[in-house]
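What the coordinates show
Here is how the chains run, residue by residue.
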Amino acid sequence: MKTSSLLFLFSFLFLTVQSQDYLITFDATGDTNKVSSVYVHNLNSGVQIAVPGDDTLHLVEAVGIPSAEINNDPIVIYPNPMINTSQLTCSVPETGLTTIRVLDMTGKTIMQYREQLQAGTCRFRITGINQGLYLVHVSGSSFAYHTKLISSGTGTQIPEITLIVDENSLPTDLPKSISTQFTMPYHTGDRLFFWGISGNYSTYISDVPVASKTILFTFTACTDADNNHYPTVVIGSQTWMAANLNVGTRIDGVQNQTDNGIIEKYCYQDDADACMPHGGLYQWNELMQYTTTPGAQGLCPTGWHIPTDAEWCTLTQYLDPTVNCNAIGWSGQNAGGKMKSTGTLEAGTGLWHQPNKGATNESAFTGLPSGDRDESGSFAYQGTYGFWWSSTQLNTGSAWSRSPDYSVASIVRGGNQKICGFSVRCVHD
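Residues numbered from 1 in each chain as written. Predicted model: local features only at pLDDT ≥ 70, side-chain atom pairs only at ≥ 80, totals over all residues. Heavy atoms only, no water.

1. Notes on the overall build of the chain
Selection rule: Segments assigned H or I by DSSP are reported as helices when at least four residues long, segments assigned E as strands when at least two residues long, and all are numbered from the N terminus. Residue burial is assigned from relative accessible area. The probe radius is 1.4 Å, only protein chains are included, and a residue is buried under 20% of its type maximum, exposed over 50%, and partly exposed in between. Two residues qualify as a contact provided that any one of their heavy atoms is within 4.5 Å of a heavy atom in the partner residue. Each accessible area is a Shrake-Rupley estimate made with a 1.4 Å probe; only the visible protein chains count as cover when residues are assessed.
On a plain count of helices and strands, the chain comes out with six helices and 28 strands. A total of 429 residues make up the chain; the buried ones form 51% of that total. Looking at the chain alone, contacts between residues at least 24 apart form 62% of all its contacts between residues at least 6 apart. A total accessible area of about 18,600 Å² is found for the chain, and carbon and sulfur atoms account for 52% of it.

This is how it looks when you write it as C-alpha cells:
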C-alpha cells in the first residue's frame, strides 16, 4: 500500500513539474520601443486572445482552465445560434476602413457593413437572417477574421448590421490583479502567432515557446502613397511586408494599367472589397513604375523595394534549404507551407481552399491565395493560388514570380507575362 501511495505521489509531482506554465512578456525595438497591444493566435487550437502590450500572457495547460478565461477571440457572436437578433463583438486593431460581410454557404453576400472605424472593440447588432449556416467575415487593410453563424430565424425582418458602440483601443492600465484574464491554454509544441501593434506600426512573429520568455517585436515604418500602413515581418536577414500591397485607384480587369501618372490596381472580380485583405493586383510595368531596374522601389513605400528574383531565393532557401532557385515550377519541400496563412475557407478559419497542404505560417509571412488577373483580363485562382512579382525580368515580355499553392507545401518559381495582374510584397532596403 505504501509503495502504491509513493508511486502515485511521484507521478503527481512529475506531471506537475512537466505541465506547461510559461509567462510571456513583450518588448520592442526599431522605429519605436513601445508595444501598445498584442493579438495572439494559437495556430494549433485556434484560440485567440488580445493582450495589452505592457502586460503578461500566461500559458498553461488547457486542462482545468475556465472557459471564461480563454474566450477572448477577436470576433465573437452571441447568442449563436441566433433566432432573430445577435450581437457581433470584434477587435479592430487599427483605425481605417473596416468591412463586415455575412455570406451564405453558396458564397453570396447576404448583407454588408463598410465604414471607417477607430481602433478598439466594436459591437454590432445583426438582425433579419433566414434559417441557415453563414460565414461572417471582418476585414481591414491588414487583418481578417472569420467565424460561423447559425440562424434559426424566420427572416421576417430586413437583414441589417448596425453599429452599437465604438470603444477606444485596448486599455493599457488594467490592474495586475486581474491579469489572469490573459491566460491562454497551451500544449507542448503549439505554434503561437503574435501580432504586435504600436500606433501605425505592426509586425508579426511566429514562435513555439518552450519556457518563459520575452517576445521582441521589431517595428519598421511601412506606409504607402495612400497612407496605408502595413504589418512587417523579419525573416532571417530580411524584413518583408507581411500583407499584400494595396495602393492605387481600382480599374476594371478588362483595362490595361497605363503610364498616366495615376497609380492603378485591380481588385479580384472587379470587387473593391476583394482588395481587403488580399491587396491589389498589378501588371509588372505599373508596379515597376515603368523602369526595368531590378530592385526598383516602384510602388513600394519609401525605404522599401520590389524584391529581386535573388531576394526571393534568399527568403525561400532560408525557410527550406532544399529549394532550387534555378528551377522552374515547384521546388523544395515546405517553403510554401511555411509562408502560407493557416486554416481553410471550408472550415471558416482561413482564406485557402482545402487542403491548404503543409500550411504552418512558421515564417509569419502570412501568404494569401489572392489569385490573379490573367492575360485576357479575367480573374482566376483566388482561394487556391497566390502570385507575387519579382523585379527581375525573364525577358522583355515576362518577369519572375513566386507562387504558393493550396495543394502542395512547396513553392513555385515561374516566368509570367508582364500583362498579368499579380500581388506584391515589398522588402526593406
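And the narrative resumes.
2. Here we look at the packing of aromatic side chains
Rule in force here: Stacked, tilted and edge-to-face are the three classes assigned to paired rings of Phe, Tyr and Trp, where Trp is represented by its six-membered ring and a pair needs centres within 6.5 Å; plane angles under 30 degrees give stacked, over 60 edge-to-face, the rest tilted. Lysine and arginine charges are scored as sitting over a ring when NZ or CZ, respectively, is within 6 Å of the ring centre and within 35 degrees of the ring normal.
Tallying each qualifying case throughout the model produces 22 aromatic pairs. With 6.4 Å between their ring centres and 45 degrees between their planes, tyrosine 201 and phenylalanine 219 make a pair best called tilted. With a gap of 18 residues between them, tyrosine 201 in strand β15 (residues 201–207) and phenylalanine 219 in strand β16 (residues 213–219) connect regions that are remote in the sequence. On the accessibility criterion, tyrosine 201 (25% relative accessible area) is partly exposed. On the basis of relative accessible area, phenylalanine 219 is assigned to the buried category, the value being 1%. Where tyrosine 381 meets tyrosine 385, the ring centres are 5.2 Å apart and the plane angle is 90 degrees; that geometry is what we call edge-to-face. When the ring centre of tryptophan 400 is taken as reference, the NZ or CZ atom of arginine 413 above it lies at 3.6 Å. The side chain of arginine 425 reaches across the aromatic face of phenylalanine 365, ending 4.3 Å from its centre.

3. A word on the confidence of the model for the chain
Our working definition: Confidence scores labelled pLDDT are given residue by residue by the predictor and lie between 0 and 100.
On average, the chain scores 85 in pLDDT, and the residues at 70 or more come to 86%. pLDDT under 50 marks residues 64–72. Its contacts with residues more than four places away, or in other chains, come to 17 contacts. Confidence over residues 166–180 falls short of pLDDT 50; this stretch has 27 contacts with residues more than four positions distant or in other chains.

4. Some remarks on the state of the cysteines
Going by this rule: Count a disulfide wherever a pair of cysteine sulfur atoms falls within 2.5 Å.
Tallied over the full model, the rule gives three disulfides. A disulfide bridge connects cysteine 267 with cysteine 275, and the sulfur atoms are separated by 2.0 Å. Across the S-S bond linking cysteine 267 and cysteine 275, the dihedral sits near -110 degrees, which makes this disulfide left-handed. Disulfide partner of cysteine 300: cysteine 426, at an S-S distance of 2.1 Å. Note on the cysteine 300 and cysteine 426 pair: the S-S dihedral is about -90 degrees, so by sign convention the disulfide is left-handed. With cysteine 300 in the loop between α4 (284–288) and β21 (304–305) and cysteine 426 in the loop between β27 (411–417) and β28 (427–428), this pair connects stretches of sequence that are 126 residues apart.

5. Looking at the pattern of salt bridges
For the record, the criterion: For this document, the term salt bridge refers to a Lys or Arg side-chain nitrogen within 4 Å of an Asp or Glu carboxyl oxygen.
Overall, the coordinates contain seven salt bridges when judged by the stated rule. For arginine 114, the salt bridge is made with aspartate 273, and the minimal N-O distance between the two is 2.9 Å. Highlighted residues: arginine 114 in strand β8 (residues 109–117) and aspartate 273 in the loop between β20 (264–265) and α3 (275–278), separated in sequence by 159 residues. In this structure, the salt-bridge partner of aspartate 309 is arginine 402, at a minimum N-O distance of 2.7 Å. Pair noted here: aspartate 309 is in helix α5 (residues 309–319) and arginine 402 is in strand β26 (residues 398–404), with a separation of 93 residues, a long-range link. Looking at aspartate 309, the relative accessible area reads 11%, which means it is buried.

6. Let's talk about the nonpolar core
Rules: Throughout this description, the term nonpolar core refers to a set of buried Ala, Val, Leu, Ile, Met, Phe, Trp, Tyr and Cys residues connected via side-chain atoms within 4.5 Å.
Of all hydrophobic cores here, the largest spans 45 residues; its most connected members are Leu88, Phe124, Val136 and Val138. Looking at this core element by element, the count peaks at four residues for α5. Not counting residues within four places of it along the chain, the set of residues in contact with valine 138 comprises Ile75, Leu88, Cys90, Thr98, Thr99, Ile100, Phe143, Ala144 and Tyr145. Among the nonpolar cores identified, the runner-up in size contains 22 residues, and Leu245, Tyr282, Leu287 and Cys300 belong to it.

7. What about the side chain of aspartate 320?
Here is the rule we go by: Think of it this way: Lys and Arg go in the positive column, Asp and Glu in the negative one, and His and the chain ends go nowhere. By the criterion applied in these results, polar contacts are pairs of N or O atoms within 3.5 Å in which, for protein atoms, one can donate a hydrogen and the other can accept it, and in which residues neighboring in sequence qualify only through two side-chain atoms.
Structurally, aspartate 320 is set in the loop between α5 and β22 (329–331). Buried charged residue aspartate 320 carries no salt bridge. Nearest counter-charge: lysine 338, at 6.3 Å. Side chain to side chain, aspartate 320 and threonine 322 meet in a polar contact 2.6 Å long. If we skip the residues at most four places from it in the chain, aspartate 320 touches Gly332, Gln333, Asn334 and Ala335.

8. Section: the pairing of strand β9 (residues 120–127)
The side chains of a regular strand alternate, first on one face of the sheet and then on the other. For the record, the criterion: Pairing between strands requires that DSSP locate at least two bridges from one strand to the other.
Most of β9 sits out of view: six of its eight residues are buried. Bridge count for strand β6 (residues 85–92) against β9 is eight bridges, and the pairing is antiparallel. Residue pairing across strands places leucine 88 opposite phenylalanine 124, the latter belonging to β9.

9. Some thoughts on the environment of threonine 249
Structurally, threonine 249 is set in strand β19 (residues 249–250). What makes threonine 249 partly exposed here is its relative accessible area of 46%. As a C-alpha pair, threonine 249 and isoleucine 263 span 14 residues in sequence and 6.1 Å in three-dimensional space.

10. A word on the sheet that holds strand β13 (residues 183–185)
What counts is decided by this rule: The axes used here are C-alpha line fits, helices contributing only the stretch in contact, and every angle between their N-to-C directions lies in the interval 0 to 180 degrees.
One open sheet holds the four strands; their spatial order is β13-β4-β1-β16, and the pairing between them is mixed. Here the strands that pair on one side only, and so sit at the sheet edges, are β13 and β16. Looking at each pair of strands side by side, their axes are set apart by 30 degrees on average, direction ignored. For strand β4 (residues 57–60) and β13, the ladder comprises three bridges, and the chain directions are parallel. Bridging from a neighbouring strand, histidine 58 pairs with threonine 183 of β13.

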